[in-house]
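In case you want the letters, here they are:
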Amino acid sequence: MGWLFGAAVVAGASYCLEAWGLVDPGVWGPAWKTSGVGLLAVWAASRARGTDGWLLTGALALGALGDLLLETHGLVVGGAAFAAGHLVACLLYLRNRRSVLTASQKAFGWLLAPATIGIAALFAAPAGGAVQAGAYSAFLGVMAALAWTSRFPRYRVGLGAVLFVVSDLLIFSRFGPLAGSVVPGLLVWPTYFAAQALIAWGVVQALSSDQRVP
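Residues numbered from 1 in each chain as written. Predicted model: local features only at pLDDT ≥ 70, side-chain atom pairs only at ≥ 80, totals over all residues. Heavy atoms only, no water.

With respect to the pattern of salt bridges
Here is the rule: The working definition used for a salt bridge is a side-chain nitrogen of Lys or Arg within 4 Å of a carboxyl oxygen of Asp or Glu. Helix numbering and strand numbering both begin at the N terminus, where a helix is a DSSP run of H or I of at least 4 residues and a strand a DSSP run of E of at least 2. The classification of residues rests on relative accessible area computed with a 1.4 Å probe and restricted to protein chains. Under 20% of the type maximum is buried, over 50% is exposed, and intermediate values are partly exposed.
Here the structure, examined in full by the defined rule, presents two salt bridges. The residue Lys33 makes a salt bridge to Glu71 at a minimum N-O spacing of 2.8 Å. On the criterion of sequence distance, the pair formed by Lys33 in helix α3 (residues 29-47) and Glu71 in helix α4 (residues 51-72) is long-range, its members being 38 residues apart. Exposure remark for Lys33: the relative accessible area of 11% places this residue in the buried category. Judged by its relative accessible area of 39%, Glu71 is partly exposed. For Arg95, the salt bridge is made with Asp52, and the minimal N-O distance between the two is 2.6 Å. Taken together, the residues span a long stretch of sequence, with Arg95 in the loop between α5 (75-94) and α6 (103-124) and Asp52 in helix α4 at a distance of 43 residues.

What follows is the structure, encoded as structure tokens:
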């Protein structure tokens, strides 16, 4: 995978120290938060050899921008960057649909989007954010469904997309069933960064294998 991917993992994993309140990075907090997925985007760009590689790079770059904007401009602006990243990822997965799916794979793919939207809206409703959460989660849920039914490795890319859903639902749970709980604070960042790393690794690995096929 290379040293750049390793650096991204170290940067992203180490941010748990800040996310869990173990250290105070001060003014460097936003840069630290952005560095993990930002380095994943740089790594993906270094491996890109065609449209799919650049779509992955774009999705990761928008994710890194979302990480930054969440810290500097708040949930709505940061969420818009993530929604744009999900849209780019949808284009990537649509270009790489799996030709044959089992009944269970189809069912889970069809279930992901409406379930994500419904749960997010339910969680955000106590704070009056059901519509906004549902609108954002439409992008998230469709992205996850397309990732799950794409030709990319399901237990890397598909799992990563599902973890992305879990991470964002944990964020919305702070407005509802887990308000005041330590659980979201402990799990949001690890599940999110693991999601991005798994997606990047799985897509790049698959695209690299394509290039090796004569």
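That was the structure; now back to the text.
Some words on the packing of helix α7 (residues 130-148) against helix α8 (residues 154-173)
Here is the rule we go by: Axis geometry follows a simple rule: fit a line to the C-alpha atoms, using only the stretch in contact for helices, then measure angles between N-to-C directions, giving values from 0 to 180 degrees. Working rule for angles: under 35 degrees goes down as roughly parallel, over 145 as roughly antiparallel, 65 to 115 as roughly perpendicular, anything else as oblique. In this scheme, a crossing is called left-handed if the near helix is turned counterclockwise away from the far one by less than a right angle; it is called right-handed if the turn is clockwise. Contacts are assigned to residue pairs that have any heavy atoms within 4.5 Å of one another. When residues are grouped by polarity, Ala, Val, Leu, Ile, Met, Phe, Trp, Tyr, Cys and Pro land in nonpolar, Asp, Glu, Lys and Arg in charged, and all others, Gly among them, in polar.
Look at α7 against α8: their axes get within 8 Å of each other, and the N-to-C directions meet at 165 degrees. Considered as vectors, α7 and α8 are oriented roughly antiparallel to each other. In this structure, the crossing between α7 and α8 has a hand that is left-handed. Every residue of α8 that contacts α7 at Ala133, Tyr136, Ser137, Leu140, Met143, Ala144, Ala147 and Trp148 is listed here: Arg154, Val157, Gly158, Leu159, Ala161, Val162, Phe164, Val165, Asp168 and Phe172. A class-by-class count of the residues in the contact of α7 with α8 yields 14 nonpolar, two polar and two charged.

A look at α5
Counted only if it meets this: Expected helix span is given by 1.5 Å per residue-to-residue step, counting one fewer step than there are residues.
The end-to-end C-alpha distance of α5, which contains 20 residues, comes to 28 Å, matching closely the 28 Å that a straight helix rising 1.5 Å per residue would cover. Buried residues of α5: Gly78, Gly79, Ala81, Phe82, Ala83, Gly85, His86, Val88, Ala89, Cys90, Leu92 and Tyr93, and no others.

Things to note about the packing of aromatic side chains
What characterises a pair of aromatic rings is the spacing of the ring centres plus the angle enclosed by the ring planes. Here is the rule we go by: The aromatic pairing rule takes the rings of Phe, Tyr and Trp, using the six-membered ring of Trp, and pairs them if the centres are within 6.5 Å, calling planes under 30 degrees apart stacked, those over 60 edge-to-face and the rest tilted. Ring-over charges, as used throughout, are those where CZ of Arg or NZ of Lys falls within 6 Å of the ring centre and within 35 degrees of the ring normal.
One pass over the full model with this rule turns up twelve aromatic pairs. Look at Trp189 and Phe193: their rings are 6.2 Å apart centre to centre, the planes differ by 15 degrees, and that puts the pair in the stacked class. You can see Trp189 and its partner Phe193 sitting in helix α9 (residues 183-212), four residues apart, about one turn around the helix. Residue classification places Trp189 among the buried residues on the basis of a relative accessible area of 6%. A relative accessible area of 6% means that Phe193 is categorised as buried. One aromatic cluster is present, built from ring pairs that chain together Tyr15, Trp32, Phe82, Phe164, Trp189, Tyr192 and Phe193. Lying across the ring of Trp148, Arg154 places its NZ or CZ 5.4 Å from the centre.

A closer look at empty space enclosed by the protein
To be explicit about the condition: Note on definitions: the grid is 1 Å and covers protein atoms alone; a cavity is a set of points where a 1.4 Å probe fits but cannot get out; a pocket is an open set with protein on both sides within 12 Å along at least five of seven lines; lining residues have an atom within 4 Å of a point. Grid points are joined across faces, edges and corners, and a volume is the space filled by probe spheres set on the points.
Under the defined criterion, the tally for this structure stands at one cavity of 30 Å³ or more. In this model, the largest cavity occupies a volume close to 130 Å³. Along its surface, the largest cavity is lined by 15 residues, and Ala59, His86, Ala89, Phe164 and Gln196 are the ones closest to its centre. The set of elements that each furnish at least two residues to the lining of the largest cavity consists of α4, α5 and α9. Element by element, the count of residues in the lining of the largest cavity is highest for α5, at six residues. Looking at the lining of the largest cavity residue by residue, the class counts come to eleven nonpolar, four polar and no charged.

No statement about biological role is implied by the geometric values presented.
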